[in-house]
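Residues per chain, in single letters:
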Amino acid sequence: MRLGFLVSDLTELKEYETTVMLAYEAVGRGHDVWLMGIDELAAAGWRDLRGLAIGTAAGSYPSRIAYHAALMDAVAGRDWIDLAQLDVLVLRSDAYEYEGTAPSLQMAAIRFGQLAASLGVVVLSHPDGLVKALDKTYVERLPDSIRPRGLVTRSPRAIKEFLDELGTAIVIKPVEGACGRNTFVVAPDDRRNLNQIIAAATSDGYVVAQEYLREVLGGTTRLFFLDGEALQVDGHFAALTQRPSDGDFRSNTTNEGTVGPAVVDDRTLRVAAEIGPLLAADGLFLVGIDIAGGKVIDVGATTPGGMRGAERFTGVRFVPTVLAAIERSHARRVSSRR
């Protein structure tokens, strides 16, 4: 299988990232792999699609660390590949992942994914589904029973009225963004800096004002889904808990949050049962859902990270199951062509 990965920035790839774990597993299973960056694509006539890529042939490497080192050594010598010659293209780019990466590139990457799909390449996740799940508004599509009350707006007046209506604390965060940047919590009885908070959060566009769930202080469960099903192997779910540092409510590791083992309880499984069919219907392949208090607070569909932690805390390898699903997608396409 000729497998491609579209990533945010080749030079920023880390050995422990889920994308590298998947690529390393793929070459070990006998597949040829190419990795390319979100800002190094080209198209002529919408049929000649190219990516400036690092190629790694099928074979064994002593370790994932050695594989990553080989990738980094090959960055300077990358060359153009024809995307239409790939069997599968996995979209793993997120323009909000690294500071300085232009957000407008994210939609361009999805468009290239749509073009590749039109030329017969299996694209995961399906680019049409990623359009829906591109930002934090996807949570607002979910059933009321599994999401916090929320509002998408850029209007300071609407945010203040929403805060009055709820009578409880709210979180204000940019619709487009990641890693907890420009994310604030506001209590209904403490509005001293509300105007400044709204100005900062809306500086780049629309925001989501969302009911604040105090359960996040005890930890947020990151649960992985594969093809609309909660990912599990040998009875162990691919999940971890993200906990905020003292004095913060954001659990992102970029904000000094910590990670640990997760307890996937009945309430979490009820959420999984409700959201799974929606993810499958949208063609979202590998997704990380953040859950607190029985509610979905975020859906990571572009580059869900944390697989290494899930494997470490459970002692189970989930990446081979993900690769097997990619292989099945390719096999289905080959069978349909026959």
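Description of the structure in this document. For clarity, every value in this text was computed on a predicted model and none was experimentally measured.

Read from one edge to the other, the open sheet built from six strands follows the order S4-S3-S2-S1-S5-S6, with strand pairing classed as mixed. Each edge of the open sheet is held by one strand with a lone partner, namely strand S4 (79-82) and strand S6 (122-124). Averaged over all pairs of adjacent strands, the angle between their axes in this sheet comes to 35 degrees, without regard to strand direction. Two strands pair when backbone bridges link them, and strand S3 (residues 48-56) and S4 are joined in this way by four bridges, in the antiparallel orientation. Considered in S4, the bridge of Arg-50 is made with Asp-82. Contacting strand S1 (2-7), strand S2 (32-44), S3, strand S5 (88-92) and S6, helix H3 (residues 104-118) runs over the sheet at an angle of about 105 degrees to S2. This element, helix H9 (residues 319-337), spans S1, S5 and S6 of the sheet and lies at about 150 degrees to S6.

Before going further, it helps to examine the environment of Glu-211. Tracing the sequence through the fold places Glu-211 in strand S10 (residues 207-211). For Glu-211, a relative accessible area of 18% puts it in the buried group. Taking the C-alpha atoms as reference points, Glu-211 and Leu-83, 128 residues apart in sequence, are found 43 Å from one another. Excluding residues that lie within four positions of it along the chain, Glu-211 makes contacts with Pro-148, Arg-149, Phe-162, Leu-166 and Ala-169.

Further remarks concern helix H2 (residues 64-74). For H2, the complete set of buried residues consists of Arg-64, Tyr-67, His-68 and Leu-71. The arc enclosing the buried residues of H2, seen along the axis, measures out at 100 degrees, which places them on a common side. Facing away from the buried side of H2 by over 90 degrees, the exposed positions are Ile-65 and Asp-73. Looking at the buried side of H2, the elements it contacts are helix H1 (18-28), S2, S3 and helix H8 (307-314).

A separate point is the pairing of S2. Across a regular strand the side chains alternate sides, sitting on one face of the sheet and then on the other. In terms of strand pairing, S1 meets S2 through six bridges, oriented parallel. Looking at S2, one finds that Leu-3 is bridged to Val-33. As paired strands, S2 and S3 are joined by eight bridges and run antiparallel to one another. When the bridges of S3 are listed, Met-36 appears paired with Ala-53. Between S2 and the antiparallel strand that follows it, S3, lie three residues; Gly-45 among them carries a positive phi value of about 65 degrees.

About the thresholds
Residues numbered from 1 in each chain as written. Predicted model: local features only at pLDDT ≥ 70, side-chain atom pairs only at ≥ 80, totals over all residues. Heavy atoms only, no water. Pairing = 2+ DSSP bridges. Helix = DSSP H or I, 4+ residues; strand = E, 2+ residues; numbered from the N terminus. Axes fitted to C-alpha atoms, helices over the stretch in contact; angles between N-to-C directions. Contact = heavy atoms within 4.5 Å. Buried < 20%, exposed > 50% of the residue type's maximum accessible area, 1.4 Å probe, protein only. Arc of directions from axis to C-beta.

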